[in-house]
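Residue-level structural notes
Below, each chain spelled out in residue letters.
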Amino acid sequence: MSGRETAARIADLRRRLDDASHRYHVLDDPDIPDAEYDAMLRELDELEAAHPEFADPNSPTQRVGFAASGRFEPVAHAVPMLSLANAFTDEEVADFVARIEKETGDAAPRFSAEPKLDGLAISLRYEGGAFVRGATRGDGATGEDVSANLRTIKSIPLKLRGAAPEVLEVRGEVYMPRAGFEQYNARARELGDKPLANPRNGAAGSLRQLDSRITAQRPLAFYAYALGEVSGALPATHSEVLRWLRGLGFAVSPLVDVVEGTDGLLAYYRNVGAQRDELPYDIDGVVYKLDRFDQQRAMGFVSRAPRWAIAHKFPAQEAATTVESIEVNVGRTGAVTPWVLMAPVHVGGVNVTRATLHNADQVARLDVRKGDTIIVRRAGDVIPEVVRVIGERRPLDASGQPLHAPYQLPTHCPDCGSAVEREAGEVVARCTGGLVCPAQRKQALIHFASRRAIDIEGLGERFVDALVEFGYVHGIADLYRLTVEDLVEMKQRSDEAAGVVPETVKAGKVATRWAENLVAAIDASRSTTLERLLFALGIRDVGESTAKVLARHFGALAPLMAADEEALKDVPDVGPVVAARIAHFFAEPHNREAIAALQAAGMHWSEGAPQRAADGPLAGKTVVLTGGLAAMSRDEAGARLEALGAKVSGSVSRKTSLVVAGEAAGSKLAKARELGLEIWDEAALLAFLAAYA
Ligand code: IVH
């Protein structure tokens, strides 16, 4: 190749790689297979290595990072990076709108409404359409040059698309998507590294790396939301600027909208708030910005914040409280889970008094003790968890030593007194009492009766507790021997024990009706399917999908019970650990007796011939479903794909034939891309299903 040809080839590769990267990381709409991208990148890398005269810090090859520089140089912001005033209530938002209406004389000013990302504010400077420098906010006047780290973030364009002004500073938020955060922490735990406290800290810490190769390994992304210094003319409104930035190649949140009036702002707040838990990243509120720049100028600034914008915050997801005591729960498989009883605290919009500590390792890592001040976090419907201890507030004795010793998990089960043991390599400690342990028995019954297992309507936790407590039920088969009289008597005893004395005729009738309904529900549950039964038995590590695979593979219970570990390992998706657990479960006399008792009590399940080689258009293909589908549940989609011969699996590997990625798909989609697998969106799935309907 001549020098000119080489230069042209390099330019062509860079343009094509930039396009592909923009489609993938900004538009979320990839158009070439990963393998093709990789091949182009490799070719470019080789050409650049052979021709250093064509080096460019903004080449797609430069996103991998490089070794430590000494420190971060200060960068003065030509236009200061401001912060925002906060609103916490509807009234504060109404006041904000009223102030603007009054001072601008506009009765219906329009606002750009945007999610408030919980990351790190960054300013990116472009000259002649090329990225030259990026800096943190710092104190607003001077930040730090973190260009090398920012170059590794794929959604930050290194070259702008189309006509760009000579000087352009774009501001926005660098954030760590939740899926990436979870993945990072899972890996950190595996390697014994320190996990990140939350995605925000993850983003901040990643940008502070002196070795940008480390930053390049971190899952970071960028959304643009404002401008700094710009040469040349600008559109007249903020919303037009955001659109313009999209055109230049920046990612702008798809949730931005233009709204009007206090009601419009509040509706936006509630709408985004309702989606908060499902978003692939953390947000801590929304931001309203007066849309017209002339009106923004008229409103001006106070101290460090504009008067034309406000952040409307969501209820905090983290709060501080104190530990009253540390307790443990014993689960169905004997897992001993420590949790804290705390002084009531308002977090994530509700009052809570309990937070989980997950396991003994977590207790040791956090070193939570009685009396400690802790930070708890509650996101959506997940169980609140302890995030960290505020060490400075630990209560001390007269000699300055901690008042309480480090917490130790009990050595014996608080429910049955059996030893608590922890197998080598396991994070979870377990009560060894098995079904002798009332706590495990209760959990086993609750699981058995749950909706996705045998589905006994009306048999909730409360009644299971009483049934076990008062000795009406020992094993699962006892459920099928309960009579209306038993249940009425039990209810009476449990009411008495609780100090409730409903001695009226009406209460008696209500109790009888309740008992009749429950007996009818139990009766109806006698007829079930093999896969539900297998899931309901509560064999460790046999979830719904493994239960389904086992039911299909063996067709009936008897051959499954007779199968040894070797035979079990032949079942798709069953590895040596699960095979051993299944074999162990069926080898235990008390489990065999429980199954015989179920049959004796009239329980029966549909059995069929084993199905090994399904036919259909997807025969022999392994499909993974990830993300949310709009038209149907993932379960339903899985069932329909199975009906066409597919094997549906939960994890992506080289053996996966196809990944169906719905809304907000995360790490599985990323992995599929990495492996260059075939990926369908929901539309492709629906089209396929329709073709075979
Ligand atoms: S605008 C002059 N828009 O919130 C306005 N900020 O408290 C400057 N933030 O430091 C900021 N999402 O880190 C703006 N859509 C958004 C934002 C946003 C998150 C952060 C940003 C800033 C802080 C202000």
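One can find the structure itself at the top, above this paragraph.
Structure report, in brief. (Residues numbered from 1 in each chain as written. Predicted model: local features only at pLDDT ≥ 70, side-chain atom pairs only at ≥ 80, totals over all residues. Heavy atoms only, no water.)

A few points about the nonpolar core
The criterion, for reference: Nine residue types can take part in a nonpolar core, namely buried Ala, Val, Leu, Ile, Met, Phe, Trp, Tyr and Cys, and a core is a set of them joined through side-chain atoms within 4.5 Å. Burial classes follow relative accessibility: with a 1.4 Å probe on protein chains only, a residue under 20% of its type's maximum area counts as buried, one over 50% as exposed, and anything between as partly exposed. Put simply, DSSP H or I for four residues or longer makes a helix, DSSP E for two residues or longer makes a strand, and each gets a number counted from the N terminus. The contact criterion used throughout is that any non-hydrogen atoms of two residues lie within 4.5 Å.
Counting 57 residues, the largest nonpolar core has I456, L479, Y480, L534, L550, L557 and F586 as its most contacted members. When residues in this core are grouped by element, the largest group, six residues, is from helix α20 (residues 576-587). Not counting residues up to four positions away in its chain, the partners in contact with L479 are L445, F448, I456, L459, L467, V473 and I522.

A few points about the packing of helix α1 (residues 3-25) against helix α2 (residues 34-50)
The test is simple: Lines fitted to C-alpha atoms define the axes, with helix axes restricted to the stretch in contact, and inter-axis angles between N-to-C directions lie between 0 and 180 degrees. It is the rotation of the near helix from the far one that decides the hand of a crossing: anticlockwise by less than a right angle makes it left-handed, clockwise makes it right-handed. Each residue gets one label: Ala, Val, Leu, Ile, Met, Phe, Trp, Tyr, Cys and Pro are nonpolar, Asp, Glu, Lys and Arg are charged, and the others, such as Gly, are polar.
Packing of α1 against α2 brings their axes to within 10 Å, and their N-to-C directions diverge by 145°. α1 and α2 meet at a crossing whose hand is left-handed. Touching T6, R9, I10, L13, R14, R16, L17, A20, S21 and Y24 of α1 are D34, Y37, M40, L41, E43, L44, L47 and E48, all from α2. Within the contact of α1 with α2, the residues separate by chemical class into ten nonpolar, two polar and six charged.

Some details on the pattern of salt bridges
What counts here: Any Lys or Arg side-chain nitrogen found within 4 Å of a carboxyl oxygen on Asp or Glu counts as a salt bridge.
As enumerated under the stated definition, the model contains 45 salt bridges in all. R23 is the partner of D31 in a salt bridge, and the nearest nitrogen-oxygen pair spans 3.6 Å. Since its relative accessible area comes to 27%, R23 is described here as partly exposed. Residues E426 and R430 are paired through a salt bridge, measuring 3.7 Å at the closest nitrogen-oxygen approach. Residue classification places R430 among the buried positions, given a relative accessible area of 16%. Via salt bridges that share partners, R9, D12, R15, R16, D19, E43 and R161 belong to a single interconnected network.

Some words on the site of the ligand
The cut-off we apply is this: A molecule or strand has a residue near it when one of that residue's heavy atoms lies within 4 Å. Residues adjacent in sequence count toward polar contacts only when both atoms are side-chain atoms; beyond that, a polar contact is any pair of N or O atoms within 3.5 Å, and within protein one must be able to donate a hydrogen and the other to accept it. Each accessible area is a Shrake-Rupley result for a 1.4 Å probe, and residues are judged covered by the shown protein chains and nothing else.
Surveying the vicinity of the ligand reveals 15 residues, the closest of which are E114, L117, E173, Y225 and K289. Take K289: an N or O atom from its side chain is 2.9 Å from a nitrogen atom of the ligand. Within the complex, the protein chains bury 88% of what would otherwise be the 520 Å² of accessible surface of the ligand. Counting residues per element, the ones that place at least two in the shell around the ligand are β3 (110-117) and β10 (283-290). No other element matches the four residues that β3 contributes to the shell around the ligand. For the shell around the ligand, a count of residues per class yields nine nonpolar, one polar and five charged.

Observations concerning the sheet that holds strand β25 (residues 658-661)
Just so we agree on the cut-off: When DSSP finds two or more bridges between a pair of strands, those strands are recorded as paired.
Sheet architecture is open: four strands sit in the order β24-β23-β25-β26, paired in parallel fashion. Whereas interior strands pair on both sides, the edge strands pair on one side only; in this sheet they are β24 (647-649) and β26 (678-680). Taken over all neighbouring pairs, the strand axes of this sheet differ in orientation by 30° on average, direction set aside. Pairing of β25 with β26, which is carried by three bridges, proceeds in the parallel orientation. If you follow V660 over to β26, its bridge partner there is W680. Strand contacts of helix α24 (residues 682-691): β25 and β26, with the helix running at about 85° to β26, the strand carrying the most contacts.

A short note on the packing of aromatic side chains
We apply this condition: Note on ring pairs: Phe, Tyr and Trp rings are taken, using the six-membered ring of Trp, and paired if centres are within 6.5 Å. Classes follow the plane angle, with under 30 degrees stacked, over 60 edge-to-face and the rest tilted. The criterion for a charge sitting over a ring is simple: Lys NZ or Arg CZ within 6 Å of the ring centre, and within 35 degrees of the ring normal.
Tallied over the full model, the rule gives eleven aromatic pairs. Ring centres of F96 and F111 lie 5.7 Å apart, and the angle between their planes is 45°; this geometry places the pair in the tilted category. Here the residue F96 occupies a position in helix α3 (residues 90-104), and F111 occupies one in strand β3, the gap between them amounting to 15 residues. You'll find F96 and F111 in the same group, each marked buried. Note on W680 and F688: the rings are 5.0 Å apart at their centroids and 50° apart in plane angle, and the pair reads as tilted. Members of the aromatic cluster, each reached through a chain of ring pairs, are Y126, F131 and F250. Stacked on the ring of Y24, the Lys or Arg R673 has its end atom at 4.1 Å from the ring centre.

Quick notes on helix α21 (residues 589-600)
What counts here: A helix is expected to reach a length of 1.5 Å times the quantity of its residues less one. Read the arc as the range of directions from the helix axis to the C-beta atoms.
Under the 1.5 Å per step criterion, the end-to-end length of α21 is 16 Å for twelve residues, consistent within 8% with the ideal 16 Å. Those residues of α21 lying buried are N591, I595 and L598. Across the axial projection of α21, the buried residues extend over an arc of 55°, all falling on one side. Residues of α21 that are exposed and point more than 90 degrees away from the buried face comprise P589, E593 and A600. On the buried face of α21, the contacting elements are α12 (438-449), α16 (530-536), α18 (557-562) and α20.

Some remarks on helix α6 (residues 199-207)
Residues of α6 that are buried: P199, G202, A203, A204, S206 and L207. If you follow the buried residues of α6, they end up packed against β4 (120-127), α4 (147-150), β7 (167-175), α5 (178-191) and α7 (212-217).

Focus: unusual backbone geometry
The phi dihedral of D455 is positive, around 65°, even though this residue is not glycine. Considering the arrangement of structural elements, one finds D455 in the loop between α12 and α13 (461-469). With a relative accessible area of 38%, D455 lands in the partly exposed category. Unlike most non-glycine residues, A664 shows phi in positive territory, near 55°. Looking at where A664 falls in the secondary structure, it is placed in the loop between β25 and α23 (667-675).

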